[in-house]
Amino acid sequence: MKLERLTLENFRQYYGRQRIEFSKDSKRHVTVIHGVNGSGKTSMFIALNWCLYGKDVVENIGNLISKEAMQQIAPGELVQTSVELAFSHDEQKYIMRRSVAAVRQVDGTIEPYNNEEVIMKRIIASGEAKDELSPGTVINAILPANVRTYFLFDGEKIDNFARPEAVSEVKEAIYLVLRLEILDRARKHLKEMERRYLKDLVQTSGDAELNALEQQIKQEEVVQKQAETRYAEVQREIELARQRMTEIDQELREKAVVSQLQQEREQIEASAKVASKEQENLIEEIQTKTTSAYMIVASPIIAHALAILDDKRVKGQIPSNVRQQFVEDLLQRLVCICGRPFAEDGSEYKSLLTLLENSVPRSLENEVLDTNNQLLVFQANGDNRLSEIKRLMQQRVNVKERIQILEARLSELELQLEGSPLEDVRQLEKKRQHFQADVESYIVECSSLEGHIAKANKQIEKLTKEITQARKSSDKAKHLSRKLELAQQGAKAIDEKYQQTADDMRLQIEAKTNEIFKSLVWKDSHFQRVGLGPDYNLEVIDRYGTAARPELSAGERQVLSLSFITAMAQVSEEQAPLVMDTPFGRLSSHHRNSITANLPSLTSQLILFVTDEELRDEARQNLEPYIGAEYRLNFDDATGCTAIEEC
Amino acid sequence: MQKNRLAEIFKDYPPTIQHLLKEVLQIEQQYITANLNTNSGALKEIREKVDEIIEESCKR
């Protein structure tokens, strides 16, 4: 940043519009503004700060508007105060203007007219001015508000950093100017992200859950496979047993003594099989019919509704004896259907009105009749369904009885065969019963196995869904883990480098401060070195190797502080001017001379607000080769205003 | 140290971390410059942007 021009308009004692052109010469880069105490040096310094950062940033700014300008306006008129600063930065030219206005009231008092208004223009190569919509952001990017005091500083506070209690200020200055704040905030936010990812990760199921589910599904698949294998085995056993029974039946049929019994048994078994099938079909049909059993349940209610409607029909209310429209026509014409007229106050008219009240509209009458018909159909359907179910139930009872008879006969036949006088017949029948028992047992086992298989299938289906979901969660968890890892590594890298960077910077500042201090202080051989320890204590070590800061004179403290500030400006590589308000006021000629001899080489632009006493003799001679612009502030006691005069 | 050179202190780290930190430092710098470093709404925005940077770094 290089300051080029400052224009003041009605700013404090600067009445009207006045301008200073700062030196732009790279060799003669010092601008000196002289003035006696109270002539307006500090006001101009404040104007510069206010223009760049505004009233909210610059403390204790006081009244800005020129009292002379306020005196000159009539009630109702406005007076405007503005400061305009032209500067360049990174080969771009800018003009920034901050203004505020006030209005004179009838009673003579001055009231603010508006808030601060700030405009910034960037001048492009063609000379055209482009608006910068966020001047504050532009200025903060060039010279942040929180570090401005290290570049635009008040000479009265110049020894701030050399005070014994200034440790925190030194530390803060390094923190802000050297941008450690950026590292600190980045570390803080990365750690916050770490915590957030960790929290999300806890809520997201990961590989552990997926593995557990996959284990479960494997177990279920084993159970399912075992059940299916056994089911197939049992089916084969049933087949085999039935085959053996058929063979026995064949053998029994071939034995003349029991052939008839066996044939009868086979017929009965065939009939029993048919009857069983018939029974199954009947049960299925009954189940289907009973799903519409609500018709039967609703039957009494329907009957009740129909009874109400019948009652109304009997009483002549539905349909009504007389049509509503017909009665209305008679009342309108006042003539009876027999042709006899009647009066509106007569008894005929009243009778017709009563009739009209009892009649119902045609549309409602139709709806009632429709409902009545629907109810009748509904009732008929319900009755039919009930008789059908009754019929099916009766059929089922009949079939059941038939089966019972057939089973009883089968038992008799078995007993006869079992008790046959022939040993081989008895043996065959015994074996047959044995196989029959096996089949029955296997059928029960099959039923149980079917249940197991169905349950396993259902469980596998459920687990498959869960695994699909868990795989998605696992992918999410992996992604979150990667993000967590990056946030942790980023924060760790800052942790590792933060202290090292801070120490490097501190050591660089220490070396630079030492170098500058030794060049500025006149007792350079008395002081061995300047130290800036890990505790950020700015210390001066004397020739005896002892800490000598408490013994420093006021002037030496200022030199130490100035050395620190300029060292910091150099290490930070901020391209900012050094603007100093009365920097040498409390310095002896020795220090003034050494500072003026060295200061121009420490910065690319130096602007000094000085009293004549501060800059005379050797100090003046030292600066002379570097002065590119010089102004004098002439305060007029009669008007209370200052005029800027170019020297 | 100049603000644009702050990221250089991480030059010994893996490229992904270098890139991540360069982007995060840039965001922090932008918010400090815009004087929004203490604004609570802006802090939420910063965290979202840091999340986006990390997300982007995951793809590298």
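Scroll up a little and you will see the structure.
*Asks:* I'd like a description of the packing of aromatic side chains, backed by residues and values.
*Replies:* Residues and elements named next belong to chain A. Evaluated as defined, the whole model comprises 6 aromatic pairs over all chains. Plain terms: the ring middles of Phe 342 and Tyr 349 are 6.4 Å apart, the flat faces sit at 55° to each other, and that makes the pair tilted. For Phe 342, a relative accessible area of 10% gives the class buried. Residue classification places Tyr 349 among the buried residues on the basis of a relative accessible area of 17%. The ring of Tyr 498 carries the charged tip of Arg 187 above its face, separated from the ring centre by 4.5 Å.

*Asks:* Requested: an account of the side chain of A:Thr603, with residues and values cited.
*Replies:* Residue and element names in this part refer to chain A. Turning to its location among the elements, Thr 603 is positioned in the loop between α14 (589-602) and β13 (606-610). Within the structure, the side chain of Thr 603 is placed 3.2 Å from the backbone oxygen of Gln 605, a separation counted as a polar contact. Excluding its chain neighbours within four sequence positions, the residues that come into contact with Thr 603 are His 29, Ala 576, Pro 577 and Leu 578.

*Asks:* Describe the nonpolar core, and please don't skip the residues or the numbers.
*Replies:* Nonpolar side chains tend to gather and get buried jointly when the protein is soluble and globular. All names here are of chain A. Core analysis: the biggest nonpolar cluster contains 132 residues, and Met 44, Phe 87, Ile 174 and Phe 564 have the highest contact counts within it. With residues up to four places along the chain from it excluded, the contact list for Phe 87 reads Met 1, Lys 2, Leu 3, Glu 4, Gln 92, Lys 93, Tyr 94, Met 96, Met 120, Ile 139 and Ile 142. By size, the runner-up hydrophobic cluster in this structure holds 29 residues, among which are Ala 241, Ile 248, Leu 261 and Ile 286.

*Asks:* Outline helix α6 (residues 207-254) of chain A, supporting the account with residue identities and numerical values.
*Replies:* Residue and element names in this part refer to chain A. If you check α6, its first and last C-alpha atoms are 70 Å apart, about what 48 residues at 1.5 Å a residue would give, namely 70 Å. All buried positions along α6 are accounted for by Leu 210, Leu 213, Ile 217, Gln 224, Ala 227, Val 234, Ile 238, Ala 241, Met 245, Ile 248, Asp 249 and Leu 252. Summarising the contacts, the buried residues of α6 are in contact with α7 (256-290) and α12 (423-520).

*Asks:* Any details on the interface of chain A and chain B? Residues and values, ideally.
*Replies:* Counting residues at the interface gives 33 residues for chain A and 31 residues for chain B. When the two sides are added together, the surface that chain A and chain B hide from each other amounts to roughly 3200 Å², 60% of it contributed by carbon and sulfur. Counting across the chain A and chain B interface gives 4 salt bridges. With a shortest N-O distance of 3.3 Å, B:Glu28 and A:Arg185 are connected by a salt bridge. Counting the contacts that link chain A with chain B gives 8 residue pairs in polar contact (both at pLDDT 80 or more). A breakdown of the residues in the side of chain A that touches chain B according to their chemical character gives 14 nonpolar, 9 polar and 10 charged.

*Asks:* I'd like a description of the packing of helix α5 (residues 180-203) of chain A against α12(A), backed by residues and values.
*Replies:* Helix-helix packing is characterised by the crossing angle of the two axes and by the distance between the axes. All names here are of chain A. It is at 8 Å that the axes of α5 and α12 come closest, and there the two elements cross at 155°. By the angle class used here, α5 and α12 are roughly antiparallel. When the axes of α5 and α12 are compared, the crossing they make is left-handed. Grouping the amino acids of the contact of α5 with α12 by side-chain chemistry returns 17 nonpolar, 4 polar and 7 charged.

*Asks:* Quick one: what's the story with the sheet that holds strand β9 (residues 152-154) of chain A, residue by residue and with numbers?
*Replies:* Strands pair in a sheet through their backbones, by hydrogen bonds, and they do so in one of two ways: parallel or antiparallel. Residues and elements named next belong to chain A. The 6 strands are arranged β9-β12-β13-β3-β14-β15 in an open sheet whose pairing can be described as mixed. Only two strands of the sheet have a single neighbouring strand rather than two, namely β9 and β15 (641-646). Neighbour to neighbour, the strand axes of the sheet diverge by 15° on average, direction disregarded. Note: strand β14 (residues 627-636) against β15, 6 bridges, orientation antiparallel. For Asn 634, the partnering residue across the bridge sits in β15 and is Ala 643.

*Asks:* Break down unusual backbone geometry for me, with residues and values.
*Replies:* Residue and element names in this part refer to chain A. Residues other than glycine seldom take positive phi values, yet Glu 91 does so here, at roughly 65°. Take Glu 91: it is sitting in the loop between β4 (78-89) and β5 (92-104). Of note in this structure, Leu 334 is not a glycine but carries a positive phi near 60°. Mapping Leu 334 onto the fold places it in the loop between α9 (324-333) and α10 (347-358).

*Asks:* An account of the packing of α12(A) against helix α13 (residues 554-572) of chain A is needed here, citing residue identities and associated values.
*Replies:* Residue and element names in this part refer to chain A. One can describe the packing of α12 onto α13 by two numbers: an axis separation of 8 Å at closest approach and a directional angle of 135°. With respect to their mutual orientation, α12 and α13 come out oblique. The handedness of the crossing between α12 and α13 comes out as right-handed. Here Gln 508, Ile 509, Lys 512, Thr 513, Ile 516, Phe 517 and Leu 520 of α12 come into contact with α13, specifically with Glu 556, Val 559, Leu 560, Leu 562, Ser 563, Phe 564, Thr 566, Ala 567, Met 568, Gln 570 and Val 571. Residue composition of the contact of α12 with α13, grouped by class: 11 nonpolar, 5 polar and 2 charged.

Analysis parameters
- Residues numbered from 1 in each chain as written.
- Chains lettered and ligands numbered in written order.
- Predicted model: local features only at pLDDT ≥ 70, side-chain atom pairs only at ≥ 80, totals over all residues.
- Heavy atoms only, no water.
- Phe/Tyr/Trp six-rings, centres within 6.5 Å; stacked < 30°, edge-to-face > 60°.
- Buried < 20%, exposed > 50% of the residue type's maximum accessible area, 1.4 Å probe, protein only.
- Lys NZ or Arg CZ within 6 Å of the ring centre and 35° of its normal.
- Helix = DSSP H or I, 4+ residues; strand = E, 2+ residues; numbered from the N terminus.
- Polar contact = N/O pair within 3.5 Å; in protein donor to acceptor, adjacent residues only side chain to side chain.
- Contact = heavy atoms within 4.5 Å.
- Core = buried A, V, L, I, M, F, W, Y, C linked by side-chain atoms within 4.5 Å.
- Expected span 1.5 Å × (residues − 1).
- Buried area = accessible area lost by both parts, 1.4 Å probe.
- Salt bridge = Lys/Arg side-chain N within 4 Å of Asp/Glu carboxyl O.
- Nonpolar A, V, L, I, M, F, W, Y, C, P; charged D, E, K, R; others polar.
- Axes fitted to C-alpha atoms, helices over the stretch in contact; angles between N-to-C directions.
- Parallel < 35°, antiparallel > 145°, perpendicular 65-115°, else oblique.
- Left-handed = near helix turned anticlockwise from the far one by under 90°.
- Pairing = 2+ DSSP bridges.

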